[in-house]
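# Architecture and fold: a report
Here are the chains, one letter per residue:
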Amino acid sequence: MPATTRTGSENLGTKSTVSELYSVKNDIAPVLSLRGVELQRGEHFRLMIDHLSLIQGQVYLLHGPNGSGKSTLLHLLALLLAPDCGDVLFTGRPVSTVVDKKRFRRQITLVEQDPYLFDSKVYDNLAFGLRLRKIPTDLQRHRIARALQTVGLSGYESRPAKELSGGEIRRIALARALVLQPTVLLLDETTAGLDRETLPLLEIILADLVQRGVTIVLACHNPSQLGRLVTENIHLFEGQIHEPNESSSITKIGQCQSI
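Okay, so let's go over this structure. (Residues numbered from 1 in each chain as written. Predicted model: local features only at pLDDT ≥ 70, side-chain atom pairs only at ≥ 80, totals over all residues. Heavy atoms only, no water.)

### Quick look at the overall build of the protein
To keep it simple, the criterion reads: Comment: elements are numbered from the N terminus, with helices defined as DSSP H or I runs of at least four residues and strands as E runs of at least two. Relative accessible area decides the class of each residue, using a 1.4 Å probe on protein chains only: under 20% of the type maximum gives buried, over 50% gives exposed, and in between gives partly exposed. Pairs of residues are marked as contacts when any of their non-hydrogen atoms sit within 4.5 Å.
If you tally the helices and strands in the protein, you get 7 helices and 10 strands. Here the protein holds 259 residues, and 50% of them are scored as buried. Put simply, of all contacts in the protein between residues at least 6 apart along the chain, 75% involve residues at least 24 apart.

See below:
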């Protein structure tokens, strides 16, 4: 489906901190695509995506009723699930081998609806992915401090994760994603349960990430939340994408084909 260009919300104050985590990217290009993808989950649900292309630096609002397949689609985009058939492409290159998945997965970060934190300090939770990527210790400390500042939790490095509130856990999970500097950021119901103060902060953070070329997919039950940031809506119903004003009766993909 074609992407349109729309100006996001204005940057209101976190630009300096996010700027240090991301370099500016000016080229707009397809970064992640699905073609003729089908994925069976359980006995009664099948995700079927004829075509979906995510453009660099755009915000996609993924919405639909419970059970429509939003989380399944996010896990597929995060390369955590492999389709039964069809093609997943990252920057135009098929993701077909274990080596491909490992290499491209490091550029995609998924923040789960109920994020899991290790039973350790906040710093260790944020440093885990950086250590796997062999980021130098000094740079780890810098990224972690900046990410915590960005989400409004400066000085939380030594806090035990088990003592955090639900809202703080969601913000730490977002900070953990930011330190990895993903090309694609996938957010599964991140706005759920956030207080009135945190929602505007999240909007500021996402708007600045968009300016730096990060592609964002936000799964949300309430399409009005963060709506002014959205470039394109993806409406999912019974495992399939509906175009605007499309009826509930849509054409099945049919037999799987790969390029």
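### Topic: the pairing of strand β3 (residues 59-63)
Here is the rule we go by: Strand pairing is defined by DSSP finding a minimum of two bridges between the two strands.
For β3, the buried fraction is high: 5 of the 5 residues fall into the buried class. Of the two faces of β3, the one holding V59, L61 and H63 and the one holding Y60 and L62 are both buried throughout. Pairing of β3 with strand β8 (residues 215-219), which is carried by 4 bridges, proceeds in the parallel orientation. Considered in β8, the bridge of L61 is made with L218.

### Regarding the sheet that holds strand β6 (residues 108-111)
Using the following cut-off: Lines fitted to C-alpha atoms define the axes here, with helix axes fitted over just the stretch in contact, and angles between the N-to-C directions of these axes take values from 0 to 180 degrees.
Taken together, 6 strands build an open sheet; the order of strands is β6-β7-β8-β3-β9-β10 and the sheet is mixed. The open sheet has two edge strands with one neighbour each: β6 and β10 (240-242). For this sheet, the mean inter-axis angle between neighbouring strands, taken without regard to orientation, is 25°. For strand β9 (residues 232-237) and β10, the ladder comprises 3 bridges, and the chain directions are antiparallel. Residue pairing across strands places H235 opposite H242, the latter belonging to β10. Along the sheet, helix α2 (residues 70-77) makes contact with β3, β6, β7 (184-188), β8 and β9, crossing β7 at roughly 160°.

### Examining the packing of aromatic side chains
Any aromatic ring pair is given by two values, namely how distant the centres are and how the planes are angled relative to each other. Threshold: A pair of Phe, Tyr and Trp rings is counted when the ring centres sit within 6.5 Å of each other, with Trp represented by its six-membered ring. The angle between the planes then sorts it: under 30 degrees is stacked, over 60 is edge-to-face, the rest tilted. Two limits define a charge over a ring: the Lys NZ or Arg CZ must be within 6 Å of the ring centre, and within 35 degrees of the ring normal.
For the structure on display, the rule yields 3 aromatic pairs. Their ring planes at 90° and their centres at 5.8 Å tell us that Y116 and F118 sit as a pair that is edge-to-face. According to the relative accessible area criterion, Y116 is exposed, its value standing at 58%. Sitting above the plane of the Y156 ring, R159 keeps its charged end 4.1 Å from the centroid.

### Focus: the packing of helix α6 (residues 166-179) against helix α7 (residues 198-211)
Applied cut-off: Geometric relationships in this document are graded by angle, where less than 35 degrees denotes roughly parallel, more than 145 denotes roughly antiparallel, 65 to 115 denotes roughly perpendicular, and other angles denote oblique. Think of it as three bins: nonpolar holds Ala, Val, Leu, Ile, Met, Phe, Trp, Tyr, Cys and Pro, charged holds Asp, Glu, Lys and Arg, and polar takes everything else, Gly as well.
Orientation of α6 relative to α7, taken along the N-to-C sense of each, is 10°, at an axis distance of 12 Å. In terms of axis orientation, α6 runs roughly parallel to α7. Where α6 approaches α7, its residues R171, L174 and L178 are matched on the opposing element by T198, L201, L202, I205 and L209. Taken together, the residues of the contact of α6 with α7 sort by class into 6 nonpolar, 1 polar and 1 charged.

### Let's talk about a nonpolar patch on the surface
This is how it is decided: Patch building starts from residues that exceed 30% relative accessible area and form no salt bridge, then joins like charges within 9 Å and nonpolar side chains (Val, Leu, Ile, Met, Phe, Trp, Tyr) within 5 Å. Note on areas: Shrake-Rupley with a 1.4 Å probe; residue coverage comes only from the protein chains shown. What makes a salt bridge here is a side-chain nitrogen of Lys or Arg within 4 Å of a carboxyl oxygen of Asp or Glu, nothing more.
Taken together, the side chains of Y116, F118, F128 and L132 make up a nonpolar region of the molecular surface, amounting to roughly 420 Å² of accessible area. The topology assignment puts L132 in helix α4 (residues 122-132). When its relative accessible area of 49% is taken as the criterion, L132 is described as partly exposed.

### Some remarks on the pattern of salt bridges
When their charged atoms lie close together, side chains carrying opposite charge are able to pair. Enumeration over the complete set of coordinates arrives at 6 salt bridges. A salt bridge links R46 to E38; the shortest N-O distance between them is 2.9 Å. For R46, a relative accessible area of 27% corresponds to the partly exposed category. For E38, a relative accessible area of 5% translates into the label buried. Through salt bridges with shared partners, a single network forms among E38, R46 and D84.

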